[in-house]
Amino acid sequence: MRRTERVSVQLKVIWNRAGRPREGLARDSNAHGMFLSTEQIVEHEALMHIDVELPDRKLSMFVTARYVGRTASGQGIGDEIFILDDISRVHWLSFYEAQRAACAQEVKDVRVG
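Below, the structure is looked at part by part. (Residues numbered from 1 in each chain as written. Predicted model: local features only at pLDDT ≥ 70, side-chain atom pairs only at ≥ 80, totals over all residues. Heavy atoms only, no water.)

### Brief notes about the overall build of the protein chain
So, step 1. Tallying secondary structure elements over the protein chain gives 1 helix and 6 strands in all.
So, step 2. In sequence order, the protein chain lays out its α and β elements as β-β-β-β-β-β-α.
So, step 3. In terms of C-alpha radius of gyration, the protein chain reaches 14 Å, essentially the compact-globule figure of 13 Å for 113 residues.
So, step 4. With respect to the principal axes defined by its C-alpha atoms, the protein chain has extents near 50 × 35 × 25 Å.
So, step 5. Going through the 113 residues of the protein chain one by one, you find that 37% of them count as buried.
So, step 6. Taken together, the 16 basic and 16 acidic charged side chains of the protein chain have centroids lying 3 Å from each other. (Helix = DSSP H or I, 4+ residues; strand = E, 2+ residues; numbered from the N terminus. Rg over C-alpha atoms; globule rule 2.2 N^0.38 Å. Buried < 20%, exposed > 50% of the residue type's maximum accessible area, 1.4 Å probe, protein only. Lys, Arg positive; Asp, Glu negative; His and termini not counted. Charge placed at Lys NZ, Arg CZ, Asp CG, Glu CD.)

### Focus: the sheet that holds strand S6 (residues 74-83)
Adjacent strands of a sheet pair through backbone hydrogen bonds, lying either parallel or antiparallel.
So, step 1. The strand order S1-S2-S3-S6-S5-S4 describes a closed barrel built from 6 strands, whose pairing is antiparallel. The mean angle between the axes of side-by-side strands here comes to 45 degrees, regardless of whether they run parallel or antiparallel.
So, step 2. In this sheet, strand S3 (residues 33-37) lies alongside strand S2 (residues 20-30) in antiparallel orientation, the contact comprising 5 bridges. Residue Asn30 lies in a different strand from S3, and its bridge partner there is Gly33. (Pairing = 2+ DSSP bridges. Axes fitted to C-alpha atoms, helices over the stretch in contact; angles between N-to-C directions.)

### Brief notes about the nonpolar core
So, step 1. Counting 25 residues, the largest nonpolar core has Leu11, Met34, Met48, Ile50, Val52, Met61 and Trp92 as its most contacted members.
So, step 2. Of all the secondary-structure elements, those providing two or more residues to this core are strand S1 (7-17), S3, strand S4 (47-53), strand S5 (58-71), S6 and helix H1 (86-112).
So, step 3. It is S1 that provides the largest number of residues to this core, a total of 5 residues.
So, step 4. Sequence-distant contacts of Ile50, defined by excluding residues within four places in its chain, comprise Val13, Ile14, Trp15, Met34, Leu59, Ser60, Met61 and Val63. (Core = buried A, V, L, I, M, F, W, Y, C linked by side-chain atoms within 4.5 Å. Contact = heavy atoms within 4.5 Å.)

### Comments concerning the environment of Trp92
So, step 1. Locating Trp92 in the fold gives a position in helix H1.
So, step 2. With a relative accessible area of 0%, Trp92 lands in the buried category.
So, step 3. Spatially, the C-alpha atoms of Trp92 and Gly33 are 9.7 Å apart, while their sequence positions differ by 59 residues.
So, step 4. Within polar-contact distance, the side chain of Trp92 engages the backbone oxygen of Ala31 at 3.3 Å. (Polar contact = N/O pair within 3.5 Å; in protein donor to acceptor, adjacent residues only side chain to side chain.)

### Side note on the packing of aromatic side chains
So, step 1. Taken as a whole, this structure holds 1 aromatic pair when the rule is applied.
So, step 2. Where Trp92 meets Phe95, the ring centres are 6.2 Å apart and the plane angle is 40 degrees; that geometry is what we call tilted. Taken together, the residues span about one helical turn, with Trp92 and Phe95 both in helix H1 at a distance of 3 residues. Each of the two residues, Trp92 as well as Phe95, counts as buried. (Phe/Tyr/Trp six-rings, centres within 6.5 Å; stacked < 30°, edge-to-face > 60°.)

### Regarding the pattern of salt bridges
So, step 1. Taken as a whole and judged by the stated rule, the model has 7 salt bridges.
So, step 2. Residues Asp56 and Arg57 are paired through a salt bridge, measuring 3.7 Å at the closest nitrogen-oxygen approach.
So, step 3. A relative accessible area of 34% means that Arg57 is categorised as partly exposed.
So, step 4. A salt bridge links Glu97 to Arg100, with the nearest nitrogen and oxygen atoms 2.9 Å apart. Residue Glu97 and its partner Arg100 are located together in helix H1, separated by 3 residues, close to a single helical turn.
So, step 5. On the basis of relative accessibility, which here comes to 32%, the residue Arg100 falls in the partly exposed class.
So, step 6. What emerges from the salt-bridge pattern is a single network uniting Arg3, Glu45, Arg66 and Glu80. (Salt bridge = Lys/Arg side-chain N within 4 Å of Asp/Glu carboxyl O.)

See below:
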């Protein structure tokens, strides 16, 4: 069971893999990680250095590959945030909470409308 619920996102991710930038797209996220849509394969538990482009800033972080494989969203890597500085964590959590509130409002609007 996840510690926080997933929300749908579309965030550009640049993964620094062996000194080469690899582009991917975060398709969903929660307070503790994200699903990175990519055809790249890594070992389970691999440490990855990524840059995530939020709407107002870019965050650099280290994540751990917790899941590698195909899902309903396609091939990718389920990442858990491992190292993120305190200021960046505040921005990540603010972004997540805003997305979660927006998703909740959409569900509410569909039920009412």
